[in-house]
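Descriptive analysis of the structure
As a plain string of letters, each chain reads:
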Amino acid sequence: MKSSLPQNDPELDYWLKKELERQRDSLEMIPSENFTSLAVMEVLGSILTNKYSEGYPGKRYYGGNKYIDEIENLTRERAKKLFGVEHANVQPYSGSPANQAVMFGLLNPGDTILGMELAQGGHLTHGYKFSFSGRYYRAVNYGVDKETHLLDYEAIREIALKEKPKLIICGATAYPRIIDFAAFRKIADEVQAYLLADISHIAGLVVAGVHPSPVPYADVITTTTHKTLRGPRGAMILLPNVIDRWHDLYHPNGKKNLAELIDSAIIPGLQGGPHNHQTAAIALALKEAAEVNFTAYGKAIVANSQALAKTLIANGFSLITGGTDNHLILIDLSQQGISGKQAEILLDNVGITVNKNLVPYDQRPPLDPSGIRLGTPALTTRGFSTDDMREVGEIIAKVLLQPVNQTVINQVQHRIKALTNKYPLYPEL
Ligand SMILES: Cc1ncc(COP(=O)(O)O)c(C=O)c1O
């Protein structure tokens with residue numbers, strides 16, 4: 001279909017074109033971003049945005065949903081099959097509302113939750129004091145070991161034994177290593193807590209088999225669909241098993257299983273009509289993720305991340321935990337004498353997009369922290385190889401380690417152009 005935007009709204013069309021140019025011409029290294037397929041974008045921009053369908057397939061508050069029901073059922077079935085779970089809710093508008101729904105469904109206000117501290121790699125919704133999760137629940141945090149910067153499961157266990165959380169959240173936003181879901185399950189069992197595995201960042205790696213799956217261990221799994229999973233913005237709540245393991249303890253009066261608790265937390269608890277265009281685009285992304293080449297994609301993400309890590313280390317950078325097992329890298333720039341904010345700006349100026357990030361036990365403030373976080377999912381989608389990632393690492397080193405003058409900027413931009421030209425982004429657009 002020919003775009004009508006240039007005629008209808010030239011001003012908006014201009015900014016969309018500028019953003020397309022930016023995505024094409026820069027090195028996109030924010031670990032939570034990716035480039036979804038053209039087909040996914042086509043579904044997102046489809047007529048499905050027109051329909052209201054509050055409720056679930058077969059039980060809607062609006063008429064005219066016979067095809068929407070088929071689409072939502074298809075999405076649910078694909079999610080269940082891909083992750084090997086019993087139940088999937090595909091309606092959360094995004095990752096934060098998905099986490100909110102889990103807490104709303106399983107907990108009462110004031111209940112204790114235990115999640116990873118924001119400043120050490122957790123997400124806002126895992127109990128940060130200014131988020132709903134820290135305001136409506138009694139949030140306690142665990143962090144990483146002071147020396148190794150790895151999760152210390154014995155220390156987490158001790159906090160759990162002391163604080164007796166009803167919900168333990170594992171999963172992170174800025175942790176470059178494998179998460180031991182079995183260790184979290186053991187702790188959760190000891191204190192009779194639900195275990196929520198938020199795999200937003202690593203869902204695509206789990207599907208590709210390059211990160212262990214939480215399915216044998218978690219009560220509930222949440223994931224965004226737009227990071228390593230490479231779908232549209234959105235989220236899912238997955239239940240490995242619908243049986244509520246702590247039913248007698250926490251929900252003695254209800255006959256409800258976990259699926260009912262979660263589904264009713266989404267609607268009528270927190271949301272109204274589902275975004276059907278988003279649900280359908282998730283269905284397509286799940287189909288794409290089930291194809292064999294997605295496994296190769298997941299492996300390439302990690303290989304690229306490790307190649308980049310090695311190059312950065314060889315250039316004298318200090319990486320949190322000394323490297324990476326997954327799609328992301330956290331650099332502590334303290335030794336280089338530049339802040340994360342300065343680094344973000346320096347890299348942005350030449351066309352490399354990363355984000356400033358706190359490092360564990362950071363002495364600097366969140367808006368001007370000591371580190372940067374960078375990842376490989378988006379560049380791997382473009383087709384970047386390990387050799388390309390080594391080149392990217394050398395470019396980053398040049399920008400951050402040398403005094404930047406116009407000659408350096410010109411040289412670096414030339415090298416970036418060679419890389420982005422090698423792997424054209426959305427040539428059809
Ligand atoms: C671990 C984790 N959970 C949840 C979210 C929230 O997702 P959203 O930004 O879609 O609300 C994020 C986003 O970065 C995340 O990293």
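Residues numbered from 1 in each chain as written. Predicted model: local features only at pLDDT ≥ 70, side-chain atom pairs only at ≥ 80, totals over all residues.

1. Description of the overall build of the chain
- Assigned secondary structure in the chain consists of 17 helices and 15 strands.
- For a compact globule of 429 residues, the expected C-alpha radius of gyration is about 22 Å, and the chain comes in at 22 Å, within 12% of that figure.
- On the principal axes, the C-alpha backbone points of the chain span a range of 70 × 60 × 35 Å.
- For the chain, the proportion of its 429 residues judged to be buried stands at 48%. (Helix = DSSP H or I, 4+ residues; strand = E, 2+ residues; numbered from the N terminus. Rg over C-alpha atoms; globule rule 2.2 N^0.38 Å. Buried ≥ 20, exposed ≤ 12 C-beta atoms within 10 Å, placed from the backbone.)

2. Notes on the site of the ligand
- For the ligand, the set of nearby residues contains 14 residues, the closest of which are Ser94, Gly95, Ser96, Thr173 and Ser200.
- Per element, the largest residue contribution to the shell around the ligand is three residues, and it comes from helix H5 (residues 95–106).
- Residue composition of the shell around the ligand, grouped by class: one nonpolar, twelve polar and one charged. (Near = placed C-beta within 6 Å. Nonpolar A, V, L, I, M, F, W, Y, C, P; charged D, E, K, R; others polar.)

3. Thoughts on the domain arrangement of the chain
- Domain annotation for the chain reports domain 1 (10–31 + 296–422) and domain 2 (43–290).
- If you look at the interface, domain 1 gives 23 residues, while domain 2 gives 24 residues.
- Top contributing element to the side of domain 1 that touches domain 2 by residue count: helix H13 (residues 292–314), with five residues.
- Residues that form the side of domain 1 that touches domain 2 fall into these classes: twelve nonpolar, seven polar and four charged. (Domains from an automatic or database assignment. Contact = placed C-beta atoms within 7 Å.)

4. Quick look at the sheet that holds strand E11 (residues 318–319)
- What the four strands build is an open sheet, ordered E11-E12-E15-E14; its pairing is antiparallel. Two strands close off the open sheet at either side, each with one partner strand: E11 and strand E14 (355–357).
- Inspection of the sheet shows strand E12 (residues 328–332) paired to strand E15 (residues 371–375) by five bridges, in the antiparallel sense. Residue pairing across strands places Ile329 opposite Leu374, the latter belonging to E15.
- Where H13 meets the sheet, its contacts fall on E11, E12 and E15, and the angle it forms with E12 comes to roughly 15°. (Pairing = 2+ DSSP bridges. Axes fitted to C-alpha atoms, helices over the stretch in contact; angles between N-to-C directions.)

5. Considerations on the sheet that holds strand E5 (residues 112–116)
- Across the sheet, which stays open at both edges, the seven strands sit in the order E4-E10-E9-E8-E7-E5-E6 with mixed pairing between neighbours. Since the sheet does not close on itself, it has two edges, and those belong to strand E4 (87–89) and strand E6 (138–142), each with one partner. Here the strands of the sheet are splayed against their neighbours by 20° on average, with no regard to which way each runs.
- Two strands pair when backbone bridges link them, and strand E8 (residues 194–198) and strand E9 (residues 220–224) are joined in this way by three bridges, in the parallel orientation. Within E9, the position partnered with Ala197 by the bridge is Ile221.
- Contacting E5, E6 and strand E7 (167–170), helix H7 (residues 153–163) runs over the sheet at an angle of about 160° to E6.

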